[in-house]
Each structure stands twice: as structure tokens, then as C-alpha cells.
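# Structural description and commentary
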Amino acid sequence: MKNWMKKLSIRNKLILIILFITTFAMSIGGIVMVEWSIKSFKKELVQHTQNNADLLSEYCVVPLSFYQIDGLKELLAKLDTISYVSKVIIYNINSELYVKYEKKNVSRVRIRYQAGKYGHFFENNFLHLTKPIIYEGNKVGEMYIVSSTKEMDEKIMNFLIIMGIIWLILLIVSYILAVNLQKLISLPILRLAEAAERVFQEGIYDLQIQTKNKDEIGLLYKRFNEMVARIDFYLKELKRNNEELAEFNYVASHDLREPLRTLTNYCKLLKEDIGENLSEDAKLDMFFISDAAKRMDNLITDLLQLSRAGRVEFEDADIDLNHCLEIVVHDLQVSIQTSKATVECNHLPKVKGDSTQLTRVLQNLISNAIKFHHPNVAPNIKILSNQKENFWEISVIDNGIGMEKQYLEQIFAPFKRLHGASKYEGTGIGLAICKKIIERHDGKIWVESEMGKGSTFKFTLPVKK
């Protein structure tokens, strides 16, 4: 029931709620009215029967006192004109049957007479009433009357029909009112939902919607307009900052790297011109200068790649990770052969994403596994895939040097290196690039490792739909 309600629009929910409350209130009111009417009809029947019993008692005194049975029968025969009276029995002072009247075409009624016990009760479709016949303060007999509830039942049935018609009319009126009244709430909300959908689908962040409401819906409109305006402002600021960043990238890729190339080239020229006349200390100084320039150039290159990883145009296509792995193994062939590494893989899945960027992720992880291996131990790299619910989990497992647990999070931050540049080459940006690429593919990346026992890098990608 709850799931079905959740699928309904606000308009239909409001209509159903109004109809439910109206129906519930009318049902409770109808039940109360019916109960009250039944009690009223019963009370009315009892009162009429009691009045007739009192009147008959007065006329029965003389025939009963002087044993005039024929006169009493003639008197009771006149009860044919009273439709609801079905049976009347007169008992003498000794509670013996004196005279009996029973209307024709009346179903058999079980007599519940008990001498000396007065009052009334309802049984099946009849009212049973017993009362004493009093003359000058003395009881001269007893009267037992049975009245049919047929007329009362007809009245109740007519009342129920009328109540049903009224209930149906009220329900129709309530539906018409619900359809019109819900517009006061649902239409402004639907307008707001449509505006939010346009902002999301079309990117119209300068959209403003107007309303005359001064209530909470009016406040919601106002805050929506303010929020969209703020987003529009921040997007323009972001666009401007991106343009400045693009200019910086241009400067970094040309103006900053050009002096480094010049420095490296002049070191080569000096080595060619006067290399034989340089002292060992001078040669070492020139080596440090060239090495520093080279590392600076690599750092600038990696910074540019990190910046572009989140801004380059994203190609959302069907790709085969097995093909990406083949490209990586081919590109790293020299490193694999030099380190005598082995790369094992089960069948990798097909996913949606950017082939170039995911190839970059596999290349970074595999090259790191080759780089950080135990001395004199050939790297063994296993690549596994496992589907979990609606995503694939890809694992890159190595038998390298591993790392301590306190460093498992920080290695994905830019420039976070666990080893000096003199021992292992690199700028410490590769894993940060991997993290940015995987997050752009709606996945996540993490590492499980133990010092001296290797590492397992894992990342997730959505299952292709």
C-alpha cells in the first residue's frame, strides 16, 4: 500500500487524502445516525404499543371482571385496523388464558409470557410487551401484546437508502471540491518540480518562477529562486576560474617548461664544449642541474595531467577493459621484460566510460606494482574482476613491498610520496589522477596492503545497463 502511494503524484495523493477523510467522517456520521434512528424507531414502536396496551386495558376491565368473553373478542377484533399489532393475549387474575387475538397472515410467533413479569423486549422481528390490567388499584388480569417490526424495518431501510444517496452525493461533491482545492497546493508544487527539472535537464540556471502565495509555498518559491540565482553566480565564477586555469595551463606548458628545456640544452652544450676540461665536481653539479630540470619538467607535466583529468571531455562509450589491458601491457613491455614481471588476468568486463582514461588507471596501477617490488623478486601482478550487485570491482594485486596502514588513505592525495625520489622515480601524482578518473566514472578506489606482503588496489565501475 505504501509503495503504491509513493508512486502517485502529489495531485492524486491530495485527492485521495481528502476523499479518505471525507469518507471516513461521513461513514462515522452515518453509523451514528443509523444507530440513533434505529433506537428512535424502536422507542416509537414501544411507545405506540404501550399506548395501545393502556387503552385496551381500560376497555378490558369490565369484560374481564364480568366474564364477558364475546364482548372482549369483539373489542380485540378492532385491532385489525392497527397494522403493527400482531397478537394480543388476555390472562385472568390467575394467569390463565382468557381470550386470544391473532392477526391473519402473520408468521408464527413464539410466546414468551411469564406471569408477573412485566416489561418489553425485542426478539427476531417482533416486540413483546407484558403489562398488568388494573382496576381501582387492583390487578384483575394481565395483557401480553406482540407487535411486528415490519413497518419499523421499512422505515429503517428507507432511511438507509436516503442516507446512502446523501453519502453518494456528498462523496461526489467532495471529489469535485478535492479536485479543485488540491490545485491550491499541488499546482504550485508541480510548477516548482517542473522548474527544477528544467534546471537539471537544460541547465537554465537564470530561471526565476513567480507566485502570489504568501505561505510556505511562497517561501519555497523564494528560496528556490535564490538558490538557482546563487548556483548561476557560482557557475559563472567557476567558468571564469576555469578560463584562468586554462590560461595558467598554457603558461605552465609553454612558458614554464621552456626555461627548463633551455637549461637542459645548455648543460648538454657545456658538456659537449668543455666536458673534457670539467672537474669531477663540476660534472656532478651539471648532472644535478640536468636532473633537477628533468624532475621539474616531469612535475609540471604531471600537474597538467592531474588538472586535465577532471576537465577533459568525457567520452561515455562501451569499452572492453581487456582491450585496455592489452594496450597497457604493450606500452609497459620494456619495464615488464626488464623486471621479469608477470601479468595475470581473468576475463575483465565490458563497461561504459572513457577508454583513454581507464587505460591510464590500469597503466598507473600496473607500473606502480612493477616499480615497488622487492629487490631480486620478480613482480607478479594479478588482475581480477568480480560483480557485486550493480557494480564491478576490479582488483590489481601485487607481491611488492607493501605499505603501512596509516598511509593507505594519503597516497591518493597529490604529491604524497612514501619514498624518496632518489630511490623510486615519480612525482606522487599518479594515484591522485587515478582517483579523479574513477570518481568521474561514478566509482571509488582504495588500497589494502600490509608491509612486506604486497598491495591490492581496488576500484569500482558501474555495471553497463
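Below is a summary of the structure that appears in this document. (Residues numbered from 1 in each chain as written. Predicted model: local features only at pLDDT ≥ 70, side-chain atom pairs only at ≥ 80, totals over all residues. Heavy atoms only, no water.)

### A closer look at the overall build of the chain
Along the chain, the regular secondary structure elements total 11 helices and 12 strands. Expressed as a percentage of the 465 residues in the chain, the buried residues total 35%. Put simply, 65% of the contacts in the chain that link residues at least 6 apart link residues at least 24 apart. (Helix = DSSP H or I, 4+ residues; strand = E, 2+ residues; numbered from the N terminus. Buried < 20%, exposed > 50% of the residue type's maximum accessible area, 1.4 Å probe, protein only. Contact = heavy atoms within 4.5 Å.)

### Concerning the environment of Phe391
With respect to the secondary-structure elements, Phe391 resides in strand 10 (residues 391–397). Distance in space between the C-alpha atoms of Phe391 and Pro462 is 4.2 Å, their sequence separation being 71 residues. Those residues in contact with Phe391 that lie beyond four places of it in its chain are Asn386, Thr460, Leu461, Pro462 and Val463.

### Describing the nonpolar core
Counting 37 residues, the largest nonpolar core has Leu321, Leu358, Ile366, Phe457 and Phe459 as its most contacted members. By residue number, the principal contributor to this core is helix 10 (residues 355–371), which donates 7 residues. Residues within four places of Ile366 in sequence aside, it is in contact with Leu325, Val328, Leu332, Ile381 and Ile383. Tyr84, Val99, Ile145 and Met152 belong to the second largest nonpolar core, which has 28 residues in total. (Core = buried A, V, L, I, M, F, W, Y, C linked by side-chain atoms within 4.5 Å.)

### Topic: the pattern of salt bridges
Counting across every chain of the model gives 14 salt bridges. The salt bridge partner of Lys131 is Asp54, with a shortest N-O separation of 2.5 Å. Here Lys131, found in strand 4 (residues 126–135), pairs with Asp54, found in helix 2 (residues 10–65); they are 77 residues apart in sequence, far enough to count as distant. The exposure class of Asp54 is partly exposed, given its relative accessible area of 29%. Across the pair Glu448 and Lys458 runs a salt bridge, and its minimum N-O distance is 3.5 Å. One end of the pair, Glu448, is in strand 11 (residues 445–449); the other, Lys458, is in strand 12 (residues 455–462), and 10 residues separate them in sequence. The exposure class of Glu448 is partly exposed, given its relative accessible area of 40%. With relative accessibility at 15%, the residue Lys458 sits in the buried group. One connected set of salt bridges, linked through shared partners, spans Lys388, Glu393, Glu448 and Lys458. (Salt bridge = Lys/Arg side-chain N within 4 Å of Asp/Glu carboxyl O.)

### Quick word on helix 8 (residues 321–331)
Along helix 8, the positions that sit buried rather than exposed are Leu321, Asn322, Cys324, Leu325 and Val328. For helix 8, the angular spread of the buried residues around the axis is 155 degrees, confining them to a single face. Across helix 8 from its buried face, at more than 90 degrees, point the exposed residues Glu326 and His330. (Arc of directions from axis to C-beta.)

### Re the sheet that holds strand 4
An order of 2-1-5-4-3 is seen for the 5 strands of this open sheet, with the pairing classed as antiparallel. Because the sheet does not close on itself, it has two edges, and the strands there are strand 2 (97–102) and strand 3 (119–123). Neighbouring strand axes in the sheet, compared pairwise and without regard to direction, differ in orientation by 15 degrees on average. Inspection of the sheet shows strand 4 paired to strand 5 (residues 138–148) by 10 bridges, in the antiparallel sense. The partner of Pro132 across the bridge, within strand 5, is Glu142. The sheet strands contacting helix 2 are strand 1 (85–92), strand 2, strand 3, strand 4 and strand 5, and the helix crosses strand 4 at an angle near 35 degrees. Sheet contacts for helix 3 (residues 69–77): strand 1 and strand 2; angle to strand 2, the most-contacted strand, approximately 25 degrees. (Pairing = 2+ DSSP bridges. Axes fitted to C-alpha atoms, helices over the stretch in contact; angles between N-to-C directions.)

### Some words on the packing of aromatic side chains
The final tally for this structure, using the stated rule, is 4 aromatic pairs. Relative to Phe24, the ring of Phe20 has its centre 6.3 Å away and its plane inclined at 20 degrees; by these criteria the two rings are stacked. Of this pair, Phe20 and Phe24 both sit in helix 2, 4 residues apart, which is roughly one turn of that helix. A relative accessible area of 58% places Phe20 in the exposed class. Under the relative-accessibility criterion, Phe24 is labelled exposed at 51%. Between Tyr91 and Tyr113, the aromatic rings sit 3.8 Å apart at their centres with planes inclined by 5 degrees, giving stacked as the arrangement. Taken together, the residues span a long stretch of sequence, with Tyr91 in strand 1 and Tyr113 in the loop between strand 2 and strand 3 at a distance of 22 residues. Neither Tyr91 nor Tyr113 differs from the other in exposure class; each is buried. An aromatic cluster is built from Tyr91, Tyr113 and Tyr144, whose rings are joined through pairwise contacts. (Phe/Tyr/Trp six-rings, centres within 6.5 Å; stacked < 30°, edge-to-face > 60°.)

### As for the side chain of Thr49
Positionally, Thr49 belongs in helix 2. The class for Thr49 is buried, based on a relative accessible area of 1%. At 3.0 Å, the side chain of Thr49 forms a polar contact with the side chain of Ser147. (Polar contact = N/O pair within 3.5 Å; in protein donor to acceptor, adjacent residues only side chain to side chain.)

### Structural notes on the sheet that holds strand 9 (residues 380–388)
Strand order across the open sheet formed by 5 strands is 7-9-10-12-11, with mixed pairing between neighbours. One side of each edge strand has no neighbouring strand; the edge strands of this open sheet are strand 7 (342–345) and strand 11. Here the strands of the sheet are splayed against their neighbours by 20 degrees on average, with no regard to which way each runs. Here strand 7 pairs with strand 9 via 4 bridges, running parallel. If you follow Thr342 over to strand 9, its bridge partner there is Asn380. Sheet strands in contact with helix 11 (residues 430–440) are strand 11 and strand 12, and its direction is about 25 degrees off that of strand 12.

### As for the pairing of strand 10
Most of strand 10 is tucked away: 5 of the 7 residues are buried. As paired strands, strand 9 and strand 10 are joined by 7 bridges and run antiparallel to one another. Paired with Ser385 across the bridge in strand 10 is Ile394. Following strand 9, the chain reverses through 2 residues before pairing antiparallel with strand 10; Glu389 in that reversal takes a positive phi of roughly 55 degrees.

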